[in-house]
Amino acid sequence: MQVAASLPGITAEAAAAACSAAVAHAAARGWRINVAVVDRGGNLMAFLRQPGAFIHSIEIAIDKAYTSASFGFPTKAWMGAIGHDEGMKLGFANQPRLIVFGGGLPLPGEGGEWIGGIGVSGASETEDEECARAGLAAIGLA
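Residues numbered from 1 in each chain as written. Predicted model: local features only at pLDDT ≥ 70, side-chain atom pairs only at ≥ 80, totals over all residues. Heavy atoms only, no water.

(A) Structural view of the side chain of aspartate 63. Secondary-structure assignment places aspartate 63 in helix 2 (residues 57–71). You can call aspartate 63 buried: its relative accessible area is 13%. Here arginine 97 takes part through its side chain, which lies 2.9 Å from a polar atom of the side chain of aspartate 63. Leaving out residues up to four positions away in the same chain, aspartate 63 has contacts with Arg97 and Ile99. (Helix = DSSP H or I, 4+ residues; strand = E, 2+ residues; numbered from the N terminus. Buried < 20%, exposed > 50% of the residue type's maximum accessible area, 1.4 Å probe, protein only. Polar contact = N/O pair within 3.5 Å; in protein donor to acceptor, adjacent residues only side chain to side chain. Contact = heavy atoms within 4.5 Å.)

(B) Up close: unusual backbone geometry. Positive phi, close to 75 degrees, is recorded for arginine 97, a residue that is not glycine. Note on arginine 97: relative accessible area 33%, which makes it partly exposed.

(C) Layout of the side chain of serine 121. Summarising the element assignment, serine 121 is placed in strand 4 (residues 114–121). A polar contact of 3.1 Å, which involves the side chain of serine 121, links it to the side chain of serine 57. Here serine 121 is in contact with Ile33, Asn34, Ser57, Ile60, Ala61, Lys64 and Asp128, once residues within four sequence places are set aside.

Right, dumping it as structure tokens:
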């Protein structure tokens, strides 16, 4: 019998620590956020919501993490990747769970691979990404 090689991934403990660090970063600045970490398959590994964070931002944070895990690059890079192609803009806009603005980052692995994504929503686009980077830094993936 042949056994499939296991894929590198993020542990539940690391995912929770990244969420906690992102929330701590936001709290220190007076921002209220939702933060999610997913594995390479887009499965939710950890989630935190600060009291008072926008409820609608719950799904946005999860989808930012999912988008980054799906493609391996930051969500804010999407518009640059699409460029001026109107067909692509319309097509991608109709894809469920695809987020094309900042706040989602891939979790870097070894050899240029990625092992998941982190997504933050609730502050500005720049502040969301800052919180996501704080989460990555806390677990040594910055």
